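Okay, here's what each chain looks like letter by letter:
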Amino acid sequence: MDLNNEQFRTDSSSNRTIESDHTHLAEAKFERMISEVEDYAIFLLDVKGNILSWNKGAEKIKRYRADEIIGKSHQLFYPQADLERKLPQQLLEEARKNGKAVHEGWRIRKNGEPFWGNVTITAIHDELGAVSGFLKLTKDLTAKKAAEDRYDKILEELRQSEERYQKMIAEVQDYAILLLDETGHIQNWNMGAELIKGYKANDIVGKSFKTFYTSEDIENGLPDKLLKAAAEFGKASNEGWRKRKDGSTFWASVVITALHNERGGIIGFSKVTRDLTERKKYEDRLLNNAIELEIKNHELVHLNDELSSFAYVVSHDLKEPVRKIRIFADRQLEPDSTPEDMQAFARKIISSAERMQALMESVLLYSRISNENMVKETIDLNEILSSVKTDLELMIQESNANISASHLPAIKGIRFQLHQLFLNLLSNAIKFAKPGLSPVISISSTQLQAIDLPEELPVTDRIYHRITFSDNGIGFEQDQSEKIFDVFKRLKQKEGLTGTGIGLSIVRKAALNHHGYVTAESVPGKGSKFHLFLPAIE
């Protein structure tokens, strides 16, 4: 039995020796592995923080050799500010209490150069659980810190830039600059928007930008069309009338730009608006001046034609009756003239005098039409037609004329001139009826846009009424359709009719005085149509 116990003790002692050898071998291998690590500084500290070991990583990062640093305090690696606030001692105490302490901050190399270190200090305990030292692991994160600092600097610069941009936008007064979400609701408001549109930020932010558009534009879908165009093409521009808070309007130049995220999706829109009301007024004045100048030039052309016609009247039409009066007066003085001859000569003298009087009255009437400078008033053309029919009542009854008319518009005009215009058109239609056939005259009215207007109109950028007088009379050749409006121009007349040839000249002159025009179309034997173009009330 004793022999067996002795053998057991011998074997146990031998086993413990083998285990101890294996442990020392493992520890030696671990220490060699640690010593070879270069990316981390890994070393042991005693309970006071003095360095007990050193590896290649520590030498590489902190630049000390093992023989220079072992035995010295790890406080050598901390800058003065950290030493003053006792950071090394605080980290050891934290590791002692919690088992571990982690910290990032500036550390000092042997040559005094700082580096950014990530430090983990782990407490090491003995068999009884008491702290016997510490393992300190340090990683050089200087490059990462520099990158992070650069990134933070860029972010800060961007933040400051955005802040400056927002302040700049907020202070701009000449432009309303605002941000819309993808549905067109207002996200911000600047000083220019407040000045131009009249809203305070708290009155309008969160509301739709459609608030600024006229009811007509909203009905036509203009706001939605602009957002759709900006989304499709990147940008949409428009000029038009917009509404202020007080209901007044201003002429706005608007640019809406789509804003995208990094994937190209629409995240909203920027909207820049400028008040161009004064420019619009100036352009309108220039346009009106140009229109007025064009009208004046148009009138001068016609005035030159009139002067030529008056010269013709003086040289021919008025001379002819005077010449006849002189001839027949001289014939009356002939000694062999009989009483019958004297009466015939007297009748011819009277006829020539009446002809001259009619010409002079026509000239005076035409002159009055030309020089009429009365203020225009709103006139119902149905009333003008009724008044003219009253004047022509006897003529209408004698000819058994049938006159029908649709409802006619009201226009801005001069009553006397419009009366003469209708009077001459109707009386001409009655006078030049087919023999044995009662005159049938119809008057109709329709509105026309610029594309349907005759090019002779002095102004074509507005809506016009076309009033058509149609008859079943004798008509005329179409190539005479302009000549009939010349002063004192007479075509081959219906037998038994006389006239001065000034009636249709008065019609055209009155039309021109109203910024209008008159044209004619006809086929011999199939009647005529006179188209009167007069501007609608704006």
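The structure this text deals with has already been given above.
This section reports on the structure supplied with the text. All residue numbers here refer to positions counted from 1 along the written sequence of the relevant chain. Whole-chain, interface and lining totals are the exception, using all residues; otherwise, since this is a predicted model, local features are given only for residues with pLDDT of at least 70 and side-chain atom pairs are given and counted only at 80 or more. Side-chain measures were taken over the full set of non-hydrogen atoms in the model, leaving aside hydrogen atoms and water.

Describing the sheet that holds strand E15 (residues 528-535)
Note the threshold: We call two strands paired when DSSP finds no fewer than two bridges between them. Numbering goes from the N terminus for both helices and strands, where a helix is a DSSP run of H or I of at least four residues and a strand is a run of E of at least two. Interaxial angle, 0 to 180 degrees, is taken between N-to-C directions of lines fitted to C-alpha atoms, where a helix line uses only the stretch in contact.
In spatial order, the strands read E10-E12-E13-E15-E14; together these five strands make up an open sheet with mixed pairing. Two strands in the sheet have a free side with no partner beyond their single neighbour: strand E10 (402-405) and strand E14 (517-522). Averaged over all adjacent pairs, the angle separating strand axes in this sheet is 15°, with direction ignored. Sheet topology note: the E14/E15 ladder contains six bridges and is antiparallel.

Considering the sheet that holds strand E3 (residues 114-125)
How we decide: Pairs of residues are marked as contacts when any of their non-hydrogen atoms sit within 4.5 Å.
Spatial ordering of the open sheet is given by E1-E4-E3-E2, a layout of four strands whose pairing is antiparallel. Edge positions in the sheet fall to strand E1 (40-45) and strand E2 (100-108), since each of these pairs with one other strand and no more. The mean inter-strand angle of the sheet, taken between neighbouring strand axes irrespective of direction, is 25°. Summarising the sheet, E1 and strand E4 (residues 131-140) pair through six bridges and their orientation is antiparallel. Paired with Phe-43 across the two strands is Lys-136, which belongs to E4. Each of E1, E2, E3 and E4 is contacted by helix H5 (residues 87-98), which is oriented at about 160° to E2, the strand it contacts most.

Some details on the nonpolar core
Soluble globular proteins tend to pack their nonpolar side chains together in the buried interior. The criterion, for reference: Among buried residues, those of type Ala, Val, Leu, Ile, Met, Phe, Trp, Tyr and Cys that are joined through side-chain atoms within 4.5 Å constitute a nonpolar core. Only protein chains enter the area calculation, which uses a 1.4 Å probe; residues under 20% of their type maximum are buried, those over 50% are exposed, and those in between are partly exposed.
Ranked by size, the top nonpolar core spans 35 residues in total, and within it Leu-381, Phe-422, Leu-426 and Phe-530 carry the most contacts. Looking at this core, the elements with two or more residues in it are helix H14 (381-391), helix H16 (415-431), strand E12 (440-448), strand E13 (464-471), helix H17 (503-513), E14 and E15. Those residues in contact with Phe-530 that lie beyond four places of it in its chain are Leu-425, Ile-467, Thr-468, Phe-469, Phe-476, Ile-484, Phe-485, Leu-504, Thr-519 and Ala-520. Leu-178, Ile-204, Leu-226 and Phe-250 belong to the second largest nonpolar core, which has 23 residues in total.

Digging into unusual backbone geometry
For Arg-63, which is not glycine, the phi dihedral falls at a positive 75°. Here Arg-63 is to be found in the loop between helix H2 (56-62) and helix H3 (66-69). Even without being glycine, His-515 reaches a positive phi, approximately 60°. Relative to the elements of secondary structure, His-515 occurs in the loop between H17 and E14.

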